[in-house]
Number of protein chains: 2
Amino acid sequence: MLEKIDLSKKMEKELYKQRSDELGLRLGRLQRACKEQGIPVMIVVEGLSAAGKGTLINELIEPLDPRGFTVYAVKDPTEEERHYPFLWRFWNMLPPKGRINIYDSSWYRRVSANYFDGSTSEKQLTDAYDEIKNFEKQLTDDGMVLIKLFCHISRDEQKKRMKKLLDNKETAWRVTDADLKRNKKYDEYIEICEEMLRRTDSAYAPWEVVEAMDRRFATVKILSIVAGVLEQELEKRKHKKPPVIDSRLNKDKEMTSSSLNKVDLSNTLTREEYVKQKKELQNRLSLLHSELYRRRIPVVLGFEGWDAGGKGGAIKRLTQALDPRGYAVHPTASPNDIEKAHHYLWRFWTNMPKAGHVAIFDRTWYGRVMVERIEGFCSADEWSRAYTEINDMERHLANFGAIVIKFWMQIDKDEQERRFKERQANPDKNWKITDEDWRNREKWDAYEIAVDEMLIRTSTTYAPWVIVEGNDKYYARIKVLRTVVEAIEARLKKLDQQGD
Amino acid sequence: MLEKIDLSKKMEKELYKQRSDELGLRLGRLQRACKEQGIPVMIVVEGLSAAGKGTLINELIEPLDPRGFTVYAVKDPTEEERHYPFLWRFWNMLPPKGRINIYDSSWYRRVSANYFDGSTSEKQLTDAYDEIKNFEKQLTDDGMVLIKLFCHISRDEQKKRMKKLLDNKETAWRVTDADLKRNKKYDEYIEICEEMLRRTDSAYAPWEVVEAMDRRFATVKILSIVAGVLEQELEKRKHKKPPVIDSRLNKDKEMTSSSLNKVDLSNTLTREEYVKQKKELQNRLSLLHSELYRRRIPVVLGFEGWDAGGKGGAIKRLTQALDPRGYAVHPTASPNDIEKAHHYLWRFWTNMPKAGHVAIFDRTWYGRVMVERIEGFCSADEWSRAYTEINDMERHLANFGAIVIKFWMQIDKDEQERRFKERQANPDKNWKITDEDWRNREKWDAYEIAVDEMLIRTSTTYAPWVIVEGNDKYYARIKVLRTVVEAIEARLKKLDQQGD
């Protein structure tokens, strides 16, 4: 890909002025149109050291309204950032609808410079490619415009530019040892970049190579690429068909497999047994929590289930055994302004735990394939592809070393009614029950279909669903506690065997 | 204060159980009431090492709904956090309305442990006390409930507990050298703590010392303090008078001093002069920006002014000279959901630049004393005290080493009308003008009073207002550029003289 690039391209001053003025005007208009239509835009500027990324970004933003974009200079992750899954910091840098974010270097650092310098291992490289592809696919599927530019210069030009920077006392600090090393092993590094371009070039997020030997040529090329992509996007939106809202794709209930029907809800535990086991499990969990902290293992626990299914009670019995400085409970309500202006997974990504911490989600990202599906808050396309998106996200967490468990708190319809009524009668509990709970109850059958499909499609070896028989609260709480304890113990044992 | 504390207090198991059960039930109800009424609560748990802060926090949260609180373990600031003003990270940890945040150690670390170990200098100590007091005053004035607990144990008890932790392989890591040193110099450290309690005890945020020798006693004391404060707050809100909405406190215009009237709007610059000076100043600014970066000086530039006063144009001429990786422009619109659930300064605090970066605000925190005052979006009490609050915030930034400049873009009413009409006629500019602009124009006189008062009350040596004569755009843009360039040069010169 790169060797075929003609690096001799230049542009005369006159033509440059004319074209960049015209493109600048167009870009100003396009930026406003994207803002009005709520289109989020990401522009990735990658490329070789000394290719002039900074200068070119300056040229690119010159015609833009500075209130509508943000430039991120992406460096190697800090100590703190290393305690999170690789893409976490990029989820934290996403533009909301209507804004433009420009990245001077990006997530591609992990598979290029950091692979070259050895800080990305072979295993991490393979994972990173998958993770990057999923990341870009998810964002663009959701309406993100993603423009990826690779600025290319020759080895000699790179050397010349670095020398010039080094010769000047004021700019010498900008050339690092790593830069020099990549120039020295130029061919080797180009090979890594080629591999990167090849593996992550896609219809939804194609790469554009920018010949960056001549500033004027490169500037006009970048402006013209960005203007072209934005115009295309605006045109596309004009002809967009309205999305299909359909909560059921599998119409034939008899032909689908149900996990819920097989659940034996008759399991119970005596109070005495409950108290005894709870104490024993909580003691174990408490010790395990400090072990997780020491060994920097993150834990993600998701709770879903029928209303009044006992999520809150089960969570409480977990947190009782945890050090409050090492866990957080994230309740999931309807998304707020900011959350609505982002990808639906964004608010969960930003709450993912750092290494050694526990994040407990009371209702989760699975809302996409349950309430959003059933209420028609998203299109059939959107909830259908969510299974894959969710599996990908959980896979990313697991790759990072997280223990991921999802609990489905199962009760039957009669038990739910009993609990609703009990809550209404108790002044300390009636805040827990609203009209909406009764309304949701009427959609029990629709939920059952959605839940069954969800359980099947998203139970994975690295992030299993655990169905908790919840008619008996004692039994349910102990099952949750035991599942968590045993999962952590199993992980520690595995790590011990691997000698970690 | 501390020496008079009776550390022999204990509580029998029976009584403890009875009282903590009763208090737990009350706290659960109080938490829900605070959520319903949108009351934000901060609980600071400070005290001596090994006083059992972690355990006591566990006891405190036991009766609470885990979806409604967050516990923060505050450690020494990270490298990254050190690049921000001292309180910045705490502004980022504030509870929105209706939530409870609990701090295991807090901003008090700066004046206690970090002063003891020498990482807070004498000068920083003095500043920190002021900053802390202002911080707490601002938050509580805004309706925050702030509960501050200091857990106290004797020297011998501390020594005993540390020894026990050290003797156990699993817990030994929890005792640091700093902990041991503070035990060794117990009296000296207690003196520092006493000073802290004395200087930061106030009617709006009083300290409560908790005798922490006996866990049961301490638990019940903490539960009872928190329950008491919350009950009091709820009671207080019942009898709260509706706030007075009044946009004008100084009724007598003749008696007030006006800075705006004195502005000479006849200043102009030829296009030729403008182009020449702009080029020269932008070149200087460009070099200075990298100098700011190298020397880690943060810059905060605020832009206010009449609609169509030329804020955008002036900002653009600044950013043209800046490296996009080192600045951000923050446009200020009406607050969103999340912002509304916080103190009005919160969204500005969280956007303050880190050391070496430039933050440009297009409209600012001064909205409080202009649009919010005039439109009655806040009470007379609120906008009146905002002058002090704003001065305090800017002082805090200046203490941290920031260059802070505020620009008022002044034009006269005729010029505004001319520009409005010109904008409407130009298809590339008519997005800039809305009905609201015309409506605001009708309130010109009211704004003039508010602006005059603002300029007088908030122009300080450390954060001056610069009035920019804006009828001539060329003149205005050059004045802004020159002011920024000269302020940075003056700062660098001063640092050079100080040998920094």
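Residues numbered from 1 in each chain as written. Chains lettered and ligands numbered in written order. Predicted model: local features only at pLDDT ≥ 70, side-chain atom pairs only at ≥ 80, totals over all residues. Heavy atoms only, no water.

So what exactly am I meant to see when it comes to the domain arrangement of chain A here?
By convention, interface size is frequently given as the accessible area that disappears when the constituent parts associate. Residue and element names in this part refer to chain A. Per the domain assignment, the segments of chain A are domain 1 (13-238) and domain 2 (253-497). Relative to domain 2, the C-alpha centre of domain 1 lies at a distance of 39 Å. Both faces combined, the contact of domain 1 with domain 2 buries some 2,000 Å², and carbon together with sulfur accounts for 55% of it. It is H83, W91 and Q138 in domain 1 that bury the most area against domain 2; as a group they hold 32% of the surface buried on that side. (Domains from an automatic or database assignment. Buried area = accessible area lost by both parts, 1.4 Å probe.)

In this structure, what is going on with the sheet that holds strand β4 (residues 145-152) of chain A? I would like to understand it.
Strand pairing in a sheet relies on backbone hydrogen bonds, with the paired strands running either antiparallel or parallel. All names here are of chain A. The five strands are arranged β2-β3-β1-β4-β5 in an open sheet whose pairing can be described as parallel. Since the sheet does not close on itself, it has two edges, and those belong to β2 (69-73) and β5 (207-211), each with one partner. Here the strands of the sheet are splayed against their neighbours by 20° on average, with no regard to which way each runs. Here strand β1 (residues 41-47) runs beside β4; their pairing, made up of seven bridges, is parallel. When the bridges of β4 are listed, V41 appears paired with V145. Relative to the sheet, helix α2 (residues 53-61) contacts β1, β2, β3 (100-104) and β4, its axis offset from that of β3 by approximately 165°. (Pairing = 2+ DSSP bridges. Helix = DSSP H or I, 4+ residues; strand = E, 2+ residues; numbered from the N terminus. Axes fitted to C-alpha atoms, helices over the stretch in contact; angles between N-to-C directions. Contact = heavy atoms within 4.5 Å.)

Just to check I follow, could you spell out the interface of chain A and chain B for this structure?
Opposite the 40 residues of chain A that make contact, chain B presents 41 residues. Interface of chain A and chain B: buried area, both sides summed, is about 3,700 Å²; carbon and sulfur atoms make up 51% of it. Connecting chain A to chain B are 17 residue pairs in polar contact (both at pLDDT 80 or more). Contributing elements (two or more residues each) for the side of chain A that touches chain B: α1 (13-36), α2, β2, α10 (271-295), α11 (311-319), β7 (327-331) and α12 (337-340) of chain A. No other element matches α2(A), which puts four residues into the side of chain A that touches chain B. (Polar contact = N/O pair within 3.5 Å; in protein donor to acceptor, adjacent residues only side chain to side chain.)

Which parts of the structure should I look at to understand the relation of the copies chain A and chain B?
It takes a turn of 180° to lay chain A on chain B, together with a shift of 0.0 Å along the axis; the resulting RMSD is 0.0 Å. The symmetry that links the two subunits is that of a two-fold axis. Distance from the rotation axis, computed per C-alpha, reaches its smallest value in chain A at A:D337: 3.1 Å. Both copies share a contact surface, since 100% of the interface residues of chain A are interface residues in chain B too. (Least-squares fit on C-alpha atoms with pLDDT ≥ 70 in both.)

Even after reading the chapter, I still don't get the packing of aromatic side chains, so can you show me in this structure?
Each pair of aromatic rings is reported with the distance of its centres and the angle of its planes. Applying the stated rule across the entire model yields 48 aromatic pairs over all chains. Taken together, the aromatic side chains of A:Y72, A:F86, A:F90, A:W91, A:Y103, A:W107, A:Y108, A:F135, A:F150, A:W207 and A:W349 make up a single cluster linked through ring pairs. The ring of B:Y344 is capped by B:R368, whose NZ or CZ atom sits 4.0 Å from the centre of that ring. Above the plane of the ring of B:W383 lies B:R373, whose end atom (NZ or CZ) is 3.8 Å from the centre. (Phe/Tyr/Trp six-rings, centres within 6.5 Å; stacked < 30°, edge-to-face > 60°. Lys NZ or Arg CZ within 6 Å of the ring centre and 35° of its normal.)

Would you mind going over the environment of B:S266 with me for this structure?
Residues and elements named next belong to chain B. Relative to the assigned elements, S266 resides in the loop between α9 (215-238) and α10 (271-295). The spacing of S266 and G470 is 204 residues in sequence and 9.1 Å in space, taken between C-alpha atoms. A distance of 2.6 Å separates a polar atom in the side chain of S266 from a polar atom in the side chain of D264.

Is there a simple way to explain the pattern of salt bridges in this structure?
Think of it this way: side chains of opposite charge can pair up when their charged atoms draw near. One pass over the structure, following the stated rule, counts 100 salt bridges over all chains. Notably, a salt bridge pairs A:R67 with B:D362, separated by 2.9 Å at the nearest N-O pair. Taken together, the positions of A:R67 in the loop between α2 and β2 and B:D362 in strand β8 (residues 358-362) put the pair across two chains. Several salt bridges converge on common partners, so that one network encompasses A:E415, A:R418, A:R419, A:E422 and A:K429. (Salt bridge = Lys/Arg side-chain N within 4 Å of Asp/Glu carboxyl O.)

What is the right way to look at the packing of helix α16 (residues 413-425) of chain B against helix α17 (residues 435-442) of chain B in this model?
For any two helices packed against each other, the geometry is given by the interaxial angle and the distance between the axes. Residue and element names in this part refer to chain B. Relative to each other, α16 and α17 sit at 170°, their axes nearing to 12 Å. Between α16 and α17, the interaxial angle falls into the category roughly antiparallel. Where α16 approaches α17, its residues K413, Q416, E417, F420, K421 and Q424 are matched on the opposing element by D437, W438 and R441. Looking at the contact of α16 with α17 residue by residue, the classes come out as two nonpolar, two polar and five charged. (Parallel < 35°, antiparallel > 145°, perpendicular 65-115°, else oblique. Nonpolar A, V, L, I, M, F, W, Y, C, P; charged D, E, K, R; others polar.)

What's the story with the state of the cysteines in this structure? I'm lost.
Each disulfide consists of one covalent bond between the sulfur atoms belonging to two cysteines. All names here are of chain A. Applying the stated rule across the entire model yields zero disulfides over all chains. For the unlinked cysteine C193, the closest cysteine sulfur is that of C151, found at 11 Å. Given the relative accessible area of 1%, C193 is considered buried. (Disulfide = S-S within 2.5 Å. Buried < 20%, exposed > 50% of the residue type's maximum accessible area, 1.4 Å probe, protein only.)

Can you walk me through empty space enclosed by the protein in this structure?
Think of a ball as big as a water molecule: rolled over the atoms, this probe shows where empty space is left. Residue and element names in this part refer to chain B. Applying the stated criterion to the full structure yields 11 cavities of 30 Å³ or more. Approximately 90 Å³ is the volume attributed to the largest cavity. Residue lining of the largest cavity: P40, L94, P95, K97, L139, D142, G143, M144, A341, H342 and H343, and that is the complete set. Classifying every residue of the lining of the largest cavity gives six nonpolar, three polar and two charged. Per-domain counts for the lining of the largest cavity show at least three residues from each of domain 1 (13-238) and domain 2 (253-497). (1 Å grid on protein atoms, 1.4 Å probe; cavity = no way out; pocket = protein on both sides within 12 Å on 5 of 7 lines; lining within 4 Å. Points joined across faces, edges and corners; volume = space filled by probe spheres on them.)

So what exactly am I meant to see when it comes to the sheet that holds strand β5 (residues 207-211) of chain B here?
All names here are of chain B. Taken in spatial order, the five strands of this open sheet run β2-β3-β1-β4-β5, and their pairing is parallel. Looking along the sheet, the strands with just one partner apiece sit at the ends: β2 (69-73) and β5. Between one strand axis and the next, the sheet turns by 20° as a mean value, whatever way the strands run. Helix-sheet contacts for helix α8 (residues 186-200) involve β4 (145-152) and β5, and the interaxial angle to β4 is about 160°.

Just to check I follow, could you spell out the pairing of strand β9 (residues 403-410) of chain B for this structure?
Note on strand geometry: in a regular strand, side chains alternate between the two faces of the sheet. Among the eight residues in β9(B), eight count as buried, and that is most of the element. Burial along β9(B) is two-sided: the face carrying B:I403, B:I405, B:F407 and B:M409 and the face carrying B:V404, B:K406, B:W408 and B:Q410 are both buried.

Would you take a moment to explain the side chain of B:K406 for this structure?
Residues and elements named next belong to chain B. You can see K406 is positioned in strand β9. For K406, a relative accessible area of 1% translates into the label buried. Reaching out from K406, the side chain makes a polar contact with the side chain of Y366 at a distance of 3.0 Å. Within polar-contact distance, the side chain of K406 engages the side chain of E394 at 2.8 Å. Leave out the neighbours within four places in its chain, and K406 touches G302, Y366, E394, T458, A463, P464, W465 and V466.

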